[in-house]
Amino acid sequence: MDAAIKKIPYGMTDFERIILENYYYVDKTQYIAKVEKVTSFFFFVRPRRFGKSLFLNMLGLYYDINQKDKFEKIFGNLYIGKHPTPDRNKYLVLTLNFSSVAANMDRLEETFNTYCKIVMDGFHWIMPRGFRSKLDSDNRFLSGCFFRFLTSLDRVEKEWVETIELLDFTGV
């Protein structure tokens, strides 16, 4: 009767922490292969508190080339760890969680641009060196314009490594 009671991860969106700290988790990794077969754009609609952000965080860890060394530790005991797809840890992952953008209309554009600039700056440093310098030279990468950034990224990624963009509008 010394078995530890698993904690419930209410409101948590950090998949790695949930797995490594042994929180209760219902394995939904079998849906990764199904998502890959659907389309290149996936619109995930669920009510509040149904795990959308957690699912996106899990996808980010699964696809991120920079998380490759953690795959076995995080996914080893889950369905996808035993049945990985060819896209496992294959992409640079750009995650945008817009819940941190102010809903106040007076500050919406300002907080949106500030948030995107922070994310783009961070993403810039995880890219391979050659890719990073190409993107820098490809029109005003750090100018703060989110849509110019995505356009540049789309043009340049074909030469280097593919990216996956995960957009989380939960709470917006």
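Remember, predicted model here, so these are calculated numbers, not experimental data.

A. Examining the confidence of the model for the chain more closely. Considering every residue of the chain, the mean pLDDT works out to 75; 62% of them sit at 70 or more. In the predicted structure, residues 137–143 sits below a pLDDT of 50 and forms 16 contacts with residues beyond four places in sequence or in another chain.

B. Here's a closer look at helix α3 (residues 52–63). Here α3 contains 12 residues, and its C-alpha end-to-end distance of 17 Å stays within 8% of the 16 Å for a straight helix at 1.5 Å per residue. Where burial is concerned, most of α3 is hidden: 11 out of the 12 residues are buried. For α3, the set of buried residues is Lys-52, Ser-53, Leu-54, Phe-55, Leu-56, Met-58, Leu-59, Gly-60, Leu-61, Tyr-62 and Tyr-63.

C. Structural context of the nonpolar core. In terms of nonpolar packing, the biggest core is built from 22 residues, with Phe-15, Met-58 and Phe-75 touching the most fellow members. Going through the elements one at a time, α1 (15–20), α2 (31–38), α3 and α4 (71–75) are the ones with two or more residues in this core. With 8 residues, the single largest contributor to this core is α3. Excluding residues within four positions of it along the chain, Met-58 makes contact with Phe-15, Tyr-25, Lys-28, Thr-29, Ile-32 and Phe-75.

D. Representation of the pattern of salt bridges in the model. Applying the stated rule across the entire model yields 3 salt bridges. One salt bridge in this structure joins Lys-70 and Glu-16, with 3.2 Å as the shortest N-O distance. With Lys-70 in the loop between α3 and α4 and Glu-16 in helix α1, the pair connects residues that are 54 residues apart, well separated along the chain. With a shortest N-O distance of 3.1 Å, Glu-21 and Arg-17 are connected by a salt bridge. According to the relative accessible area criterion, Arg-17 is partly exposed, its value standing at 37%.

Rules used throughout
- Residues numbered from 1 in each chain as written.
- Predicted model: local features only at pLDDT ≥ 70, side-chain atom pairs only at ≥ 80, totals over all residues.
- Heavy atoms only, no water.
- pLDDT = per-residue confidence, 0-100.
- Contact = heavy atoms within 4.5 Å.
- Helix = DSSP H or I, 4+ residues; strand = E, 2+ residues; numbered from the N terminus.
- Expected span 1.5 Å × (residues − 1).
- Buried < 20%, exposed > 50% of the residue type's maximum accessible area, 1.4 Å probe, protein only.
- Core = buried A, V, L, I, M, F, W, Y, C linked by side-chain atoms within 4.5 Å.
- Salt bridge = Lys/Arg side-chain N within 4 Å of Asp/Glu carboxyl O.

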